[in-house]
Amino acid sequence: MRYADGGGLTPAARRRREAVRIQAAELFAQQIKPPEVARQLRVSVKSAYQWQRLWRQGGADALLSRGPSGGRCRLSPRCLEKLAGYLEQGPAAHSWTEDQVWTAARVATLIGRKFHVSYSVSGATRLMRRLGFTPRMPARRVAERDEQAVTGWKEATWGEVKGPGRPGGGYICFEDEAGFTRRPPKGRTWGRRGHTPVVTVSGRRSGRLSVAGLIAWRPGSRTRLCHRLLTHPAGKGTRRSMSERDYIALPDGVHQLVKAPVALVWDRLNTHVSKTMQELVAEREWLTVFLLPAYSPDLNPVEGVWAHVKRSLANLAVVALDRLEKLVRNRLKRLQYRPDTLDGFITGTGLPLNTPTSP
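Procedures and definitions
Residues numbered from 1 in each chain as written. Predicted model: local features only at pLDDT ≥ 70, side-chain atom pairs only at ≥ 80, totals over all residues. Heavy atoms only, no water. Buried < 20%, exposed > 50% of the residue type's maximum accessible area, 1.4 Å probe, protein only. Helix = DSSP H or I, 4+ residues; strand = E, 2+ residues; numbered from the N terminus. Pairing = 2+ DSSP bridges. Arc of directions from axis to C-beta. Expected span 1.5 Å × (residues − 1). Axes fitted to C-alpha atoms, helices over the stretch in contact; angles between N-to-C directions. Parallel < 35°, antiparallel > 145°, perpendicular 65-115°, else oblique. Left-handed = near helix turned anticlockwise from the far one by under 90°. Contact = heavy atoms within 4.5 Å. Nonpolar A, V, L, I, M, F, W, Y, C, P; charged D, E, K, R; others polar. Salt bridge = Lys/Arg side-chain N within 4 Å of Asp/Glu carboxyl O.

**Q** Any chance you could explain the pairing of strand S1 (residues 171-180) here in plain terms?
**A** Along any regular strand, the residues point their side chains to alternate faces of the sheet. With nine of its 10 residues buried, S1 lies for the most part within the structure. Bridge count between S1 and strand S4 (residues 262-266): four bridges; the pairing is parallel. Note that in S4 the partner of Cys173 across the bridge is Leu264. For S1 and strand S2 (residues 208-217), the ladder comprises nine bridges, and the chain directions are antiparallel.

Spelled out as structure tokens, the structure:
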């Protein structure tokens, strides 16, 4: 089958040819000579000189085909500028919150939403290259938290949290979760100079442990540590995290133990703020929940518990999952008999613990 542009090329071959020409335009922009361009792209020197002449006359657009697959852009320069701005914002700003990956299909969908113009996947790919976008490995950066929001939380919300924590009142509880696998955290160890110590770990997917921990504190009372541990064996179709009822079981146990109101402080995990969890909290009149500000693990003392436990499991040799469960339970059991250590974790958050006197 031959096509109307006279080239006799299939759409796939035409796309490959345009991709090579776009690469040639990028090399010309870097002041690379046609012979070197021909060598890098594995084309003839004659073609490289022809492409350079076209590039000098009309830029990268002059190298694109005008066949049925479309090289001519249907967006105005102003729309192209807006599209580049949308792409710079990232996929999360345009409803793709499950990941942060720009694909040609998503770009085509974005063009349809914003400009009401239909683009194919291949057309969106060429358009992104024309705007200067190429496939890149992203660099990971730690999200910066809003320090003003954290300060406001300490002044307003924490003052409200301390209300139930007055002497003779209820408990202030911090809850957090962590995961453990057969691949242990790395820790420092002695080794012969010039020889890196080697720790043998399991390379197979062999399940994981989910642990939820809770620190209960009240002035004048012994600080308590409660935990709930679940084992998730390897295999498809099995849940690998805790549910809402698993998390709510911890404050339930504390309430039965201390017979007092509970002010629960935890992060904004999706399970913590789900509709099911809101219904479970509403059923418990003795429970008040407060959410930590975003990106503030330093305000949760249970994070210190996980750091303490994982430090004791550093460089762990390969063990079975049930053996790992026993080790984690043993470490947490030790901390339950060390209230001074738990108080240190709370003090490390920097939260003011002095409570107002009763009127």
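Anyway, onward from the coordinates.
**Q** Looking at this structure, how should I read helix H2 (residues 34-41)?
**A** At 3.6 residues per turn, the α-helix brings residues three or four places apart onto the same side. Residues of H2 that are buried include every one of Pro34, Val37, Ala38 and Leu41, and no others. What you see down the axis of H2 is that its buried residues fit within an arc of 100°, all on one side. With its phi angle positive at about 60°, Arg42 sits one or two positions after the end of H2.

**Q** In this structure, what is going on with helix H3 (residues 45-58)? I would like to understand it.
**A** Over its 14 residues, H3 runs 20 Å from end to end, which matches the ideal 20 Å to within 8%, given 1.5 Å per residue. Along H3, the positions that sit buried rather than exposed are Ala48, Trp51 and Gln52. Down the axis of H3, the smallest arc covering the buried residues is 105°, so these residues share one side. In H3, the exposed residues that point more than 90 degrees away from the buried face are Lys46 and Gln57. Immediately downstream of H3, the backbone of Gly59 shows phi near 75°, a positive value.

**Q** What should I look at first to understand the packing of helix H10 (residues 302-312) against helix H11 (residues 321-336) in this one?
**A** Axis angle and axis distance: for two packed helices, these are the angle between their axes and the distance between the axes, and together they describe the pair. For the pair H10 and H11, the least separation of the axes is 10 Å and the interaxial angle reads 130°. The angle between H10 and H11 places the two elements in the oblique class. Viewed along their axes, H10 and H11 form a crossing whose handedness is right-handed. Counted together, Val305, Trp306, His308, Val309 and Ser312 of H10 and Arg331, Leu332 and Leu335 of H11 form the full contact between these two elements. Looking at the contact of H10 with H11 residue by residue, the classes come out as five nonpolar, two polar and one charged.

**Q** Got a minute to help me understand the pairing of S2 in this structure?
**A** Counting buried residues along S2, nine of its 10 residues qualify, which places the element largely inside the surrounding structure. As consecutive antiparallel partners, S2 and strand S3 (residues 224-232) are separated by six residues, and within that stretch Gly220 has a phi angle of approximately 85°, a positive value.

**Q** Which parts of the structure should I look at to understand the pattern of salt bridges?
**A** As a working rule, side chains carrying opposite charge can pair if their charged atoms are close by. A complete count under the given rule lists five salt bridges for this structure. The shortest N-O distance in the salt bridge between Arg284 and Asp252 comes to 2.8 Å. Note that Arg284 is positioned in the loop between helix H9 (275-282) and strand S5 (287-291) and Asp252 in helix H8 (residues 244-258), a separation of 32 residues in sequence. The same class applies to Arg284 as to Asp252, namely buried. A salt bridge links Arg329 to Glu325; the nearest nitrogen and oxygen atoms lie 3.1 Å apart. In this pair, Arg329 and Glu325 both sit in helix H11, four residues apart, roughly one turn of the helix.

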